Amino acid sequence: MLLVAGLGNPGRQYAGHRHNVGFMAADAISRRHSFSPWSKKFNALISEGRLGSEKALLLKPQTFMNLSGQAVGEAMRFYKLASSDLIVLYDELDLAPGKLRVKRGGGHGGHNGIKSIDAHCGKDYRRVRIGIGHPGDKARVNAHVLSDFAKSDHEWLEPLLEAVADNIGLLADDDESGFMNRVSLAVRGKAENGDTVDQKSKAKGQSHIRQARPKSPSAKVPETG
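Given the structure is predicted, the values throughout are model-derived calculations rather than measurements. (Residues numbered from 1 in each chain as written. Predicted model: local features only at pLDDT ≥ 70, side-chain atom pairs only at ≥ 80, totals over all residues. Heavy atoms only, no water.)

Caption draft 1: Seen up close, the overall build of the chain. Within the chain, the regular secondary structure consists of eight helices and seven strands. Within the chain, the fraction of its 225 residues that count as buried is 53%. Partitioning the contacts of the chain with sequence separation of at least 6, the portion at a separation of at least 24 is 69%. For the chain, the computed accessible surface area is about 10,300 Å², with 47% contributed by carbon and sulfur atoms. (Helix = DSSP H or I, 4+ residues; strand = E, 2+ residues; numbered from the N terminus. Buried < 20%, exposed > 50% of the residue type's maximum accessible area, 1.4 Å probe, protein only. Contact = heavy atoms within 4.5 Å. Areas by Shrake-Rupley, 256 points an atom, 1.4 Å probe, with all protein chains shown as cover.)

This is the structure we're talking about:
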């Protein structure tokens, strides 16, 4: 069994934040592969389904970013999973917008959600790092990650989320290079064809970001991550 955790902050007001791209990716996977409706367990939202031949559990911690490891660790202990059974989707400042990299193990790179998961679950898990770019000034990092994606970001964000959802089965089969190549080609192809998210959103009715927004707001303020 695989546990696929997308990281973010809960609450409607944070749904479009760059810091919530892990939530957006988890939502896209759930829709693409017809997972079960989201339900509450492990202090998280969970959705069950299959990725290829593997049974999989999608998880979105509802603890706020800095405590993500509590929910992920609880789910891993319940299902008796090893850290090698875990895939985590999250935002990465040190990658250019629209770039994606997968690595196993390593440091947390200043990401407090990953730091929390390392503490609760060990480090030998796969990390799907989704580039959101760096604002260029350390003092602006919090404002950058805790604000909505810019309009120009939408040209790569929707194709990337769709490609992650379409090709996540390659990760389930341990084909990390194939997964990264497919996502890269999809994002680059959309950009070269000029098939923008604004056009696609009009055709489909609403974007992944809008679909990801919960129906009821939360008043709690997120901790920085």
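Caption draft 2: Representation of the nonpolar core within the structure. Of all hydrophobic cores here, the largest spans 35 residues; its most connected members are V128 and F179. Sort the elements by how many residues they give to this core and helix α5 (residues 154-172) lands first, with 11 residues. In contact with V128, other than residues within four places in its own chain, are I87, V88, L89, Y90, L100, R101, V102, L171 and F179. (Core = buried A, V, L, I, M, F, W, Y, C linked by side-chain atoms within 4.5 Å.)

Caption draft 3: Representation of the environment of K80. Relative to the elements of secondary structure, K80 occurs in the loop between α2 (68-79) and β5 (86-92). Taking the C-alpha atoms as reference points, K80 and M1, separated by 79 residues in sequence, lie 9.7 Å from one another.

Caption draft 4: Region of the structure containing the packing of helix α1 (residues 21-32) against α5. Packing of α1 against α5 brings their axes to within 8 Å, and their N-to-C directions diverge by 50 degrees. Relative to α5, the element α1 is oriented oblique. Where α1 crosses over α5, the two elements pack in a sense that is right-handed. In this structure, α1 contributes V21, M24, A25, A28, I29 and R32 to the contact, and α5 contributes L157, L161, V164, A165, D166 and I168. Classifying every residue of the contact of α1 with α5 by side-chain character gives 10 nonpolar, no polar and two charged. (Axes fitted to C-alpha atoms, helices over the stretch in contact; angles between N-to-C directions. Parallel < 35°, antiparallel > 145°, perpendicular 65-115°, else oblique. Left-handed = near helix turned anticlockwise from the far one by under 90°. Nonpolar A, V, L, I, M, F, W, Y, C, P; charged D, E, K, R; others polar.)

Caption draft 5: Main features of the packing of aromatic side chains. Tallied over the entire structure, the rule returns five aromatic pairs. Judged by centre distance (5.7 Å) and plane angle (80 degrees), the rings of F149 and W156 are edge-to-face. Each of the two residues, F149 as well as W156, counts as buried. Ring pairing ties together the aromatic residues F42, F78 and Y79, which thus form one cluster. Across the ring face of F23, the terminal group of K60 is positioned such that the distance to the ring centre comes to 5.5 Å. Over the aromatic face of W38 sits the side chain of K60, whose NZ or CZ is 4.4 Å from the ring centroid. (Phe/Tyr/Trp six-rings, centres within 6.5 Å; stacked < 30°, edge-to-face > 60°. Lys NZ or Arg CZ within 6 Å of the ring centre and 35° of its normal.)

Caption draft 6: Spotlight on the pattern of salt bridges. For the structure shown, the criterion picks out seven salt bridges. The shortest N-O distance in the salt bridge between R126 and D174 comes to 3.3 Å. On the criterion of sequence distance, the pair formed by R126 in strand β7 (residues 126-131) and D174 in the loop between α5 and α6 (176-193) is long-range, its members being 48 residues apart. A residue is classified by how much of its surface remains accessible, and D174, at 52% relative accessible area, is exposed. (Salt bridge = Lys/Arg side-chain N within 4 Å of Asp/Glu carboxyl O.)

Caption draft 7: Looking closely at helix α3 (residues 112-121). Here α3 has its buried residues at G113, I114, S116, I117, D118 and C121. In the core, the buried residues of α3 are packed alongside α2, β5 and β7. In the stretch just after α3, G122 is the one whose phi turns positive, near 85 degrees.

Caption draft 8: Fine view of unusual backbone geometry. Although it is not a glycine, F42 adopts a positive phi angle of roughly 60 degrees. According to the relative accessible area criterion, F42 is buried, its value standing at 6%.

Caption draft 9: Local environment of the sheet that holds strand β6 (residues 100-104). Taken in spatial order, the seven strands of this open sheet run β2-β3-β4-β1-β5-β7-β6, and their pairing is mixed. Strands at the two margins of the open sheet, each flanked by one partner only, are β2 (39-41) and β6. On average, adjacent strands in this sheet sit at an angle of 30 degrees to one another, irrespective of strand direction. Here strand β1 (residues 2-6) pairs with β5 via four bridges, running parallel. By the bridge assignment, V4 is partnered in β5 with I87. In the packing of α2 onto the sheet, the strands contacted are β1, β2, β3 (44-51), β4 (54-61) and β5, and the crossing angle to β4 comes to about 150 degrees. (Pairing = 2+ DSSP bridges.)

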